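# Structural overview
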Amino acid sequence: MNAGRFAPSPTGELHVGNLRTAILAWLFARSTGRRFLVRVEDLDRVRAGAEAVQLAELSAVGLSWDGDITRQSERQNLYDDAVARLLRDGRLFECFCTRRDIAEAASAPHVLPGHYPGTCRDLSQFEREAARRVRPAALRLRTDVDRYGIRDVLHGPYTGLVDDFVVVRNDGVPAYNLAVVVDDAEQGIDQVVRGDDLLSSAPRQAYLGSLLGLPAVEYAHVPLALNPEGRRLAKRDGAVTLEALGAKGWDAAEIRALILRSLGLPDSSVEAALGAFDPRLLPREPWIVDPSHLSSTDAAPVPPNR
C-alpha cells in the first residue's frame, strides 16, 4: 500500500507553519487512501528530546500515523547500498572543493547559475591522490542532464536545474538528497507533500531516483508560513509554537482551528477538514503569520489566503 509522509528534523519544537505542513501532508494522504508515515530526519543536527516533543505536538493537533516511527540514523545500510550501486555504475566522483572554491568558480560566465562548476569532475588519479592528503572528499553525482522535469499537484509541470550535487558529505554522512530518495522508495512513499521552498530540490531528487530505478513520486509543494516581513516563519519571530502559544492561553484545539481556517477548511477537527479537503481549492499564496496577533485567544483569527 502506498503512503505519504511528514519528515521533521528533531532540532526543536514545531511552529505553526510546520504543523500546517504536517496537517496538509496528512490530508493529502488520507484523502487518497494512502498510509500516513512519520520519519525523523536525524542525520544532521539533533536536539536531545526534540523527537518526543514533536511527536507529542503532532498528536496534540489531532494527527495519527501508521506503523512505527522511522529514523534516518537507523538506515545507514540502505544509503550504503545506494552509494555502492551508483559507484558501480560510474555515477559518483570525489570532490575536494570547499564552499569558497565553489562560490568563486561558479561566478565564471560559462557556469549556469546555481550549478556546481565541475571542478573535480575529471581529476586524474594523481590529482585525486594529492587532494586526499589535504582534505577528505565528498561524493558527487555525475549527471548527464542540466535540467529535469517533474509534475507537481499544485504547481503543475516544473523543470529545475540539476547539477553534480553531493550525495555523501566529506564527513561520510549521506546528503539530504540521497537519503530522502532512498527512504521514500524503501517505505513505499509515492506522495511527497512539503513546503514549496523545496520545490527546486525535486528535479534533483527525481533524477537521482530515476538513476536508481526507483518509482516516481507525486509531489505537492505547499505554501509556507511567513512572518509579516515576508521571511520564513521561525521560532525567533515570537510565540509561534504550541508551547509558547499555550503560555499565552491557547490550547492545541484552538491552534489547530487557526491552521485549518488558514486553509479555508472546517476548523472543528482534522476529520471534518478531511471531509471538505480538495487540493484544487487550497490557498496558493503564503500564510502570513503575525505573532503579535497571536498574543491571546481573543486575537482576531488570521483569515485564509485565497
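Preceding block: the structure.
Predicted model, so just to flag it, every value in this text is computed and none were measured.

### Some remarks on the overall build of the protein chain
Along its length, the protein chain carries 10 helices and 12 strands. In terms of overall dimensions, the protein chain is globule-like: its C-alpha atoms have a radius of gyration of 21 Å, near the 19 Å expected for 306 residues. The principal-axis extents of the C-alpha atoms in the protein chain amount to approximately 70 × 40 × 40 Å. Within the protein chain, the proportion of its 306 residues that are buried is 48%. Taking the intrachain contacts of the protein chain between residues at least 6 apart in sequence as the baseline, contacts between residues at least 24 apart amount to 77%. In the form shown here, the protein chain has an accessible surface area of approximately 14,200 Å², with 50% of it arising from carbon and sulfur atoms. For the protein chain, the distance from the average site of its 37 positive side-chain charges to the average site of its 42 negative ones is 3 Å.

### Describing the sheet that holds strand β1 (residues 3-6)
Spatially, the 3 strands line up as an open sheet ordered β1-β2-β3, and their pairing is parallel. One side of each edge strand has no neighbouring strand; the edge strands of this open sheet are β1 and β3 (70-71).

### Description of helix α9 (residues 252-262)
Since there are 3.6 residues in each turn of an α-helix, residues three or four apart along the chain are aligned in direction. Among the residues of α9, Ile 255, Arg 256, Ala 257, Leu 258, Ile 259, Leu 260 and Ser 262 are the ones counted as buried. Next to the buried residues of α9 lie α1 (16-31), α2 (50-60), α8 (242-247), α10 (270-276) and β12 (287-288). Structurally, the start of α9 carries an N-cap: the backbone nitrogen of Ala 253 is 3.2 Å from a side-chain oxygen of Asp 251. Residue Gly 264 follows α9 closely and has a positive phi angle near 70°.

### Regarding the packing of aromatic side chains
Aromatic rings considered in pairs are described by the distance between their centres and by the relative angle of their planes. Evaluation of the coordinates by the stated rule reveals 3 aromatic pairs. An angle of 35° between the planes, with centres 6.2 Å apart, marks the rings of Phe 93 and Tyr 116 as tilted. Of this pair, Phe 93 sits in strand β4 (residues 92-95) while Tyr 116 sits in the loop between α4 (99-106) and α5 (125-132), and the two are 23 residues apart along the sequence. Assessed through its relative accessible area of 5%, Phe 93 is described here as buried. Note that Arg 140 overlies the ring of Tyr 116, its terminal NZ or CZ placed 3.8 Å from the centroid.

### Looking at the pattern of salt bridges
Counting across every chain of the model gives 21 salt bridges. With its nearest N and O atoms 3.0 Å apart, the salt bridge here joins Asp 267 to Arg 261. Classification of Asp 267 as partly exposed rests on a relative accessible area of 31%. Within the structure, one salt-bridge network assembled from shared partners comprises Arg 5, Arg 39, Glu 41, Arg 75, Asp 183, Asp 184 and Glu 186.

### Details of the packing of helix α6 (residues 176-186) against helix α7 (residues 202-211)
At a minimum axis distance of 9 Å, the contact between α6 and α7 shows a crossing angle of 60°. One finds that α6 runs oblique with respect to α7. Crossing handedness for the pair α6 and α7: right-handed. Contacts between α6 and α7 involve Tyr 176, Asn 177, Leu 178, Val 180 and Val 181 from the first element and Arg 204, Gln 205, Leu 208 and Gly 209 from the second. Across the contact of α6 with α7, the residue classes tally to 5 nonpolar, 3 polar and 1 charged.

### Regarding the pairing of strand β9 (residues 191-195)
Where burial is concerned, most of β9 is hidden: 5 out of the 5 residues are buried. This β-α-β element, β9 to α7 to strand β10 (residues 218-222), shows right-handed connectivity.

### Examining the pairing of strand β5 (residues 138-141)
Both faces of β5 are covered, namely the face carrying Ala 138 and Arg 140 and the face carrying Leu 139 and Leu 141. As defined by bridge partners, β5 adjoins strand β8 (residues 166-168) across 2 bridges and the pair is classed as antiparallel. In the sheet register, Arg 140 faces β8, and the bridge partner there is Val 166.

Parameters at a glance
All residue numbers here refer to positions counted from 1 along the written sequence of the relevant chain. For a predicted model such as this one, the threshold for reporting local features is a pLDDT of at least 70, and the threshold for listing and counting side-chain atom pairs is 80 or more; totals across whole chains, interfaces and linings nevertheless cover every residue. Excluded from the side-chain calculations are hydrogens and water; all other atoms, namely the structure's heavy atoms, are used. Helix numbering and strand numbering both begin at the N terminus, where a helix is a DSSP run of H or I of at least 4 residues and a strand a DSSP run of E of at least 2. Atoms counted for the radius of gyration: C-alpha only. Globule rule: 2.2 Å times the number of residues to the power 0.38. Remark: exposure states derive from per-residue accessible area (1.4 Å probe, protein chains only) relative to the maximum for the residue type, with buried under 20%, exposed over 50%, and partly exposed in between. Note on contacts: a residue pair is in contact if any heavy atoms of the two residues lie within 4.5 Å. Areas reported as accessible are Shrake-Rupley estimates using a 1.4 Å probe. Residue values count occlusion only from the protein chains shown. Charge counting treats Lys and Arg as positive and Asp and Glu as negative, with His and both chain ends excluded. Charge placement uses NZ in Lys and CZ in Arg. For Asp and Glu, CG and CD serve respectively. By the convention used here, strands pair only if DSSP detects at least 2 bridges between them. Counted as a polar contact is a pair of N or O atoms within 3.5 Å, where, for protein atoms, one must be capable of donating a hydrogen and the other of accepting one, and residues adjacent in sequence contribute only when both atoms are in side chains. For Phe, Tyr and Trp, rings pair up if their centres lie within 6.5 Å, where Trp contributes its six-membered ring, and each pair is then called stacked (planes under 30 degrees apart), edge-to-face (over 60) or tilted (otherwise). Working rule: Lys NZ or Arg CZ, within 6 Å of ring centre, within 35 degrees of ring normal, means a charge sits over the ring. Here a salt bridge means any side-chain nitrogen of Lys or Arg lying within 4 Å of a carboxyl oxygen belonging to Asp or Glu. Axis geometry follows a simple rule: fit a line to the C-alpha atoms, using only the stretch in contact for helices, then measure angles between N-to-C directions, giving values from 0 to 180 degrees. Working rule for angles: under 35 degrees goes down as roughly parallel, over 145 as roughly antiparallel, 65 to 115 as roughly perpendicular, anything else as oblique. Crossings are classed by handedness, with left-handed meaning an anticlockwise turn of the near helix from the far one by less than a right angle and right-handed meaning a clockwise turn. As a working rule, the residues Ala, Val, Leu, Ile, Met, Phe, Trp, Tyr, Cys and Pro are called nonpolar, Asp, Glu, Lys and Arg charged, and the rest polar, with Gly in that last group. Clockwise travel from the first strand over the helix to the second, with the strands pointing away from the viewer, marks a crossover as right-handed.

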